[in-house]
Amino acid sequence: MKKLQFILISLTMLSVFTLKAQETSKVKITHTFAPLPYAYDALEKSIDKETMEIHYDRHHRAYYNNFLKSIEGTEMEYLTINQLFAEISNYPVAVRNNAGGYFNHEFFWNCMSPTGGGAPTGKLSEAINASFGSFDEFKKQFEKAATTRFGSGWAWLSVDAKGKLFISSTPNQDNPLMDIAEQKGTPLLALDVWEHAYYLRYQNKRASYITAFWDIANWEEAGKRFETAVK
Ligand code: MN3
């Protein structure tokens, strides 16, 4: 009997220590505001300097600051952005909007490059042909998702958990990593279709902005993302 008591007490102590260890090893996640990967005027052939400056330095920065505010002093400070997205339906809508706005814009800057354009190569090219028939057909379907998104939102090329490509669009600052997304997956390429992304040069002509995006689309980055995702 004594022996059993000893074992039980030892087990209890052990679990208390384990819990304590978990608590003390918890660290707050640092979310950084990354520099724009090129100059404001680097994408001039498709997006003007002023739009880039306002978009990055005001819109994106505001999402970042408001995201930090929205999680301050809560358990959410200990979650990575991917962990937050995976259960975003449990959190306040301000977190959903601002975490989305923060992540989506940083992702978007890397979907464009002054040396971009052209077509995907390698495994991503093969997957696009297999899923959509051809690169031109993919572009048509992506353009449709981007033009028909009513109001503000995003168009995405993503890969799902089974390694299959899909095109989707999300409203506001939602993205395919969120548990509330209609189609969930790992994003490879994104296009911001909020008016603030194109209005200065293109006014109400969203379709012209979408066409111009192909001249700067960063297929090299999308290809790397795809290979990492399907590894
Ligand atoms: Mn935007």
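Okay, so let's go over this structure. (Residues numbered from 1 in each chain as written. Predicted model: local features only at pLDDT ≥ 70, side-chain atom pairs only at ≥ 80, totals over all residues. Heavy atoms only, no water.)

Brief notes about the layout of surface pockets
Okay, so step 1: Of the voids in this model, the largest pocket is the one considered here, and its volume is about 190 Å³.
Okay, so step 2: Around the largest pocket sit Arg-149, Ile-167, Ser-168, Ser-169, Thr-170, Pro-171, Asp-174, Pro-176, Ile-180, Ala-181, Glu-182 and Gln-183, which together line it.
Okay, so step 3: Residues that form the lining of the largest pocket fall into these classes: five nonpolar, four polar and three charged. (1 Å grid on protein atoms, 1.4 Å probe; cavity = no way out; pocket = protein on both sides within 12 Å on 5 of 7 lines; lining within 4 Å. Points joined across faces, edges and corners; volume = space filled by probe spheres on them. Nonpolar A, V, L, I, M, F, W, Y, C, P; charged D, E, K, R; others polar.)

Focus on the coordination of the manganese ion
Okay, so step 1: The manganese ion binds to the protein through His-55 (NE2), His-105 (NE2), Asp-192 (OD) and His-196 (NE2); the donor distances cover 2.0 to 2.2 Å.
Okay, so step 2: On the primary sequence, the residues serving as donors to the manganese ion are separated as H-x49-H-x86-D-x3-H. One end of the pair, His-105, is in helix H4 (residues 93-109); the other, Asp-192, is in strand S3 (residues 186-192), and 87 residues separate them in sequence. Both residues of the pair, His-105 and Asp-192, belong to the buried class. (Donors = N, O, S within 2.8 Å, 3.2 Å for Na, K, Ca; no water. Helix = DSSP H or I, 4+ residues; strand = E, 2+ residues; numbered from the N terminus. Buried < 20%, exposed > 50% of the residue type's maximum accessible area, 1.4 Å probe, protein only.)

Here's the deal with the pattern of salt bridges
Okay, so step 1: With the rule as written, the count across this model stands at eight salt bridges.
Okay, so step 2: Of the charged contacts, one joins Arg-96 and Asp-174 as a salt bridge, the two residues approaching to 2.8 Å between their closest N and O atoms. Residue Arg-96 is found in helix H4, and its partner Asp-174 is found in the loop between strand S2 (165-171) and S3; the two are separated by 78 residues along the sequence.
Okay, so step 3: Given the relative accessible area of 6%, Asp-174 is considered buried.
Okay, so step 4: Glu-221 is the partner of Arg-225 in a salt bridge, and the nearest nitrogen-oxygen pair spans 3.8 Å. Of the two residues, Arg-225 and Glu-221 both sit in helix H9 (residues 219-230), four residues apart, roughly one turn of that helix.
Okay, so step 5: Judged by relative accessible area, which is 25%, Glu-221 ranks as partly exposed. (Salt bridge = Lys/Arg side-chain N within 4 Å of Asp/Glu carboxyl O.)

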